[in-house]
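A look at the structure
Spelled out, the chains give:
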Amino acid sequence: MSSTDQNQTVSTEAAPDSVNHEPETHAAPSSKSSGWVVFMFFMIGVVGSLLSGWILFPELLYSKKTQPIDFNHAVHLDNVSDGCESCHYFRDDGSFAGMPDLNSCIDCHEEAQTDDPEEIKFVDEYVTPGIEVPWLNHSKQPDCVFFSHSAHVIGADMSCESCHGDIGTSEHTRVYEENRLTGYSRDIWGHSISRLGKPKAGDPLPMKMNDCAKCHKEETGHKGACFQCHK
Amino acid sequence: MKIDRRSFLTYGTALVLGGAAGSMLSPAPWKLTDDVAIWTQNWPWTPVPEDGEVTYKPSVCTLCPGGCGINVRLVNGRPVKIKGLKDHPVNKGSLCPMGISGLQYLYGPSRVTSPLKREGKRGEGKWKKVSWEEALAAVTGKLAELRANGRPQSLACITGSDQGTIPNLIGRFLTAYGSPNYIRAATAQDAIEQAIYLTQGKQGTPVPDIENANFIISFGSGILDGWGLPGRMFNLYGNQKTPKKIIQVEPRLSDTAAKANQWIGINPGTETALALGLAHVIIKESLYNKDFVENCAFGFDEWTDENGKTHDGFATMAKGYTPKKVSQITGITPAKIKSLARAFARASKPIAINGRGHGAIPGSIDESLAIQSLNALVGNINKTGGISAIPDSNYAKWPEVNIDEIASKGMQQPRIDGAGSEQFPNTRFLLNRLPEIINSAQGESPIQALLVTDANPMYTIPDTTATKKAFDRIPLIVSFSPYMDETASYADYILPNHSYLERLQDVPVAVGISRQVISLAQPVIQPAYDTKHVGDTFIHMAKSLGGFISKAFPWDNYEGFLKEALSDQWRKLKKKGMIEIDHTLPEPMAYTFNTVSTKFEFYPTARNSAKQKEDSALPAYTPVPIEGDTQRFQLVLIPYDSIRLVGGYMANAPFMTKTVDDTVLKKQIGLLEINPTTARGLGLKEGNLALLKTPKGEATVKVHLYEGIMPGIIALPRGLGHTAYSKYLADKGCNTNTLIGSIEDPASGLDMAWGIRAKLTRI
């Protein structure tokens, strides 16, 4: 059915002598549909899908997970000498180690140093049996993307915060919202489902391809070529 | 508001349309499109490379005896890439396709993942997983029984090599047990080694200093197709320090021939005649190295023995090989023979090499003798750019083994294969004779138990049917293969070894003139499956057998044995990954030979087989008889080797099969090369299916017309037609060993078959 049908219906009802008639009374006795009712249903559809698309859909798309250990970045940052790089370091060959593995933690945490239940849990469940912590990585990218931390942090002298926000001063881990379809964090798309507006100060930046391209355009004057990242 | 069917449809449609219109203004469809795209990248079967720390572990490739240095790239401890090791003296960074695709042997589905016991009939593929304890107890139980019956000599062991400590450890086991039957496949190296022994009186590994030669006549050796140490040979084609001339003499335009400076097509099997023809020209035109021939050689001219009998000299014999006569035999024009001889003799560093293709078939002793004599004529024995024999190094030492009475009696029995017997005194191994000996034995098989490691005799011994028949007569076959190869799949027990990247092993290789490199293959990864180092398995078996055998193996494991055997060298080897031993002799000693005459013997007086006593011991061209009558089989089939196919005990890695042209293998059918003229005569066209019949077997092939093969000759590649391993390897093409038998050299017993008569009919 198209809008032409609607127009026809409306035009028959809209005869000059029936201007004041209420649409309901006309519609009721016959099986003819009233234009307004049709429109109303149409609008219910529009509003319904807008509400579900904007509110319900993001709720359904992302599952909420908590990190295995409630990690306190602030405490660690206070106790290390080399800032973020103390744990998230560059290897000798320039590649980025990413999430520290158990070996990096074990130097200090072979035994619990405080009576913090999270630290005790960490030692008991991971350090002692020698199991790597299955951290949920908010910045994990698909395998088809090549990204060099060296080029950005060492080469372009960018700070960690400029992309990852102020995670370094957080006292608790935040909820990890995992895309049920892709398995990646909501952070990659950005918290705003519309991708409009800017993230709040201190929040991590979205990391879709367009976000890379936008920054590259601003900083280097060119969005970059496909093979720079998709090798 | 009354809702009838019509209004229901109308309102419903409006609702749906509204929903559709509204959704276009919501993020859902756009976001879902993007997510679905990413979802498709993460399907569980999509391979995702490991991410993590990259490390490198240097080791040595032991897939073939080449001993190339390799550098294995690991991500998070998982090997992901194998490269040639840049500073390794053998290959200097080069690596063959097999070495590069080696990870497929580690991860591939053909691995045997735990000890297995045969359940169904032999070769049926029904196995039961058993524990190591159970498997070892069963095997040693049977071995103990054989010994208790006083027949330790009926145990035989087939291995891939006799170099290094693992083969020596296994040899020690056999000695302590009481069996002389340690057998490995003989290759062209064995024939050349014997020719060197006969002419120089020196036992050792023959090494051509091919890098420093500048004029190479290759009598069918596939320098670029896997001959010698492949990783080493590749470097001949890269940065050449000095320009080289490579002359390839073979009946087929191989990749090596195509890359040579000159390809000389020769009638197959007539290389000896050409070598003697070249000698004729060199002697006649007085182009030989007079200094060497006059001062360091014996038997060049006529000589008289202590009984007063006059013998022909090499020069006298060579007189018979005139260019005209040789031309008739080889099919090469007299002018070409003459010019080749002159160019060879006048080159500053000429060298002649032999061993067809990979060099897997030894060839006749006369052929190797003729070619060694050719090298001696130009005086390039034991010198830069020449040929030398590197003595078996004693870098590893272990205590003598004490044996009991049973073992002593067993060790006094003659070898089952006849090597070292009065008939073949100078030959060390004759695996090719084994099937026939077992098949023709009356009553019980002379071999009651067979251990197979680093070898795949069910695939590699010529005449597969006879081999299978022989193996059927052996009551116990134990394979130590890490892979489900043809022999393993025919075994009663498989006690799987670690794969080559998981095991410790020393690898001695002779490189260049007088130089030996001992490399250490170190595990780059922990064993992935329930496998055991073959050295440990033998030590365990020895300990279970008890008595003197157990005492011969005081070590806890192979590593302990290796450490003790290498003593002070161990630390250096462990640290550097390899040690080099220089065997260079001072000048006068290099030209003093261990023969009776202390000279290089053109007339090999040590050649003392019954026939030679009466006749001349000088090399001569006698046509190698090939099987099949000319009436029924009008064509001649020759197998050929390619670097992209593995013809030996290992099979191709699937990556290698991918590199094979569709003129060699198309889907599951192998292609047979035939000259267009010959094909026309048989009414065959490109791509026709044909039935190939030889006296030994038959196979369905596709016809490939190829100008690069002589008329009347047809060729098939070695290394296809596996029946075991995995679905990625099995049933592709045909195994040439099912079509060709072995032909014994009367002087050495070594296999000298270069082809077989064949018949081709269109189907």
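Definitions and limits used
- The residue count restarts for each chain, going from 1 along the sequence in the order it is written.
- Lettering for chains starts from A, numbering for ligands starts from 1, and both go in the order in which the items are written.
- Selection of residues for local features in this predicted model requires a pLDDT of at least 70, selection of side-chain atom pairs for listing and counting requires 80 or more, and totals for whole chains, interfaces and linings are taken over all residues.
- A run of DSSP states H or I qualifies as a helix once it reaches four residues; a run of E qualifies as a strand once it reaches two. Both are numbered from the N-terminal end.
- Residues are called buried when their C-beta atom has 20 or more other C-beta atoms within 10 Å, exposed when it has 12 or fewer, and partly exposed otherwise; all C-beta atoms are positioned from the backbone.
- For the purpose of contact definition, each residue receives a C-beta atom placed from its backbone, and two residues are in contact when these atoms lie within 7 Å.
- A strand pair is defined by DSSP finding two or more bridges across the two strands.
- The axes used here are C-alpha line fits, helices contributing only the stretch in contact, and every angle between their N-to-C directions lies in the interval 0 to 180 degrees.
- Where a domain begins and ends is set by an automatic assignment or by a domain database.
- Just so you know the grouping, Ala, Val, Leu, Ile, Met, Phe, Trp, Tyr, Cys and Pro go in nonpolar, Asp, Glu, Lys and Arg go in charged, and all remaining residues, Gly too, go in polar.
- The span expected for a helix works out to 1.5 Å for each residue beyond the first.

1. Things to note about the overall build of chain B
- Secondary structure assignment for chain B yields 27 helices and 30 strands.
- Counting every position in chain B, which comprises 763 residues, the buried fraction comes to 55%.
- Nonlocal contacts in chain B, meaning residues at least 24 apart in sequence, comprise 73% of its contacts between residues at least 6 apart.

2. Observations concerning the sheet that holds strand β21 (residues 515-521) of chain B
Residues and elements named next belong to chain B.
- Read from one edge to the other, the open sheet built from three strands follows the order β20-β21-β22, with strand pairing classed as antiparallel. Here the strands that pair on one side only, and so sit at the sheet edges, are β20 (505-511) and β22 (578-582). Within the sheet, the average angular offset between the axes of one strand and its neighbour, ignoring direction, is 20 degrees.
- Where β21 meets β22, five bridges bridge the pair, whose relative direction is antiparallel. For Gln516, the partnering residue across the bridge sits in β22 and is Ile581.

3. Thoughts on the sheet that holds strand β15 (residues 350-357) of chain B
All names here are of chain B.
- In space, the four strands of this open sheet follow the order β11-β10-β9-β15, with parallel pairing throughout. Every other strand in the sheet has two partners, leaving β11 (262-264) and β15 as the edge strands with one partner each. Pairs of neighbouring strands in the sheet enclose a mean axial angle of 20 degrees, with direction left out of account.
- By the bridge criterion, three bridges tie strand β10 (residues 245-249) to β11 in an arrangement that is parallel. By the bridge assignment, Val249 is partnered in β11 with Ile264.
- Here helix α14 (residues 334-346) sits on the sheet in contact with β9 (215-221), β10, β11 and β15, set at roughly 130 degrees to β9.

4. Examining the environment of Val636 of chain B
Residue and element names in this part refer to chain B.
- Turning to its location among the elements, Val636 is positioned in strand β24 (residues 635-640).
- Linking Val636 and Glu302, residues 334 residues apart in sequence, is a C-alpha distance of 39 Å.
- Setting aside anything within four residues of it in sequence, one finds Val636 in contact with Pro268, Gly712, Ile713, Gly755, Arg757 and Ala758.

5. Quick notes on the domain arrangement of chain A
Residue and element names in this part refer to chain A.
- By domain assignment, chain A separates into domain 1 (3-63) and domain 2 (137-229).
- Elements with a contribution of two residues or more to the side of domain 1 that touches domain 2: α3 (35-61) and β1 (62-65).
- Per-element accounting of the side of domain 1 that touches domain 2 gives the leading share, three residues, to α3.
- Of the residues in the side of domain 1 that touches domain 2, the class split is four nonpolar, one polar and no charged.

6. Structural notes on the environment of Thr316 of chain B
- Relative to the helices and strands, Thr316 of chain B resides in helix α12 (residues 314-318).
- Sequence-wise, Thr316 of chain B and Gly299 of chain B are 17 residues apart; in three dimensions their C-alpha atoms are separated by 9.8 Å.

7. Brief notes about the interface of chain B and chain A
- Counting residues at the interface gives 32 residues for chain B, matched by 32 residues for chain A.
- Per element, the largest residue contribution to the side of chain B that touches chain A is 14 residues, and it comes from helix α1 (residues 5-24) of chain B.
- For the side of chain B that touches chain A, the residue count by class is 16 nonpolar, ten polar and six charged.

8. Structural notes on the pairing of β9 of chain B
Residues and elements named next belong to chain B.
- Most of β9 is tucked away, with seven of its seven residues classed as buried.
- Examined bridge by bridge, β9 and β10 share four bridges and lie parallel to one another. Residue pairing for β10: Ser218 is matched across the bridge by Gln248.
- Looking at chain direction, β9 and β15 are connected through six bridges and run parallel. Each residue of the ladder has a partner; that of Phe219, found in β15, is Asn354.

9. What about helix α20 (residues 534-545) of chain B?
Residues and elements named next belong to chain B.
- If you check α20, its first and last C-alpha atoms are 17 Å apart, about what twelve residues at 1.5 Å a residue would give, namely 16 Å.
- Of all the twelve residues making up α20, nine are buried; the element is thus mostly covered by neighbouring parts of the structure.
- Buried residues of α20: Val534, Gly535, Asp536, Thr537, Phe538, Ile539, Met541, Ala542 and Leu545, and no others.
- Of the surrounding secondary structure, the elements contacted by the buried residues of α20 are α5 (132-148), α6 (165-177), α21 (547-551) and α22 (558-566).

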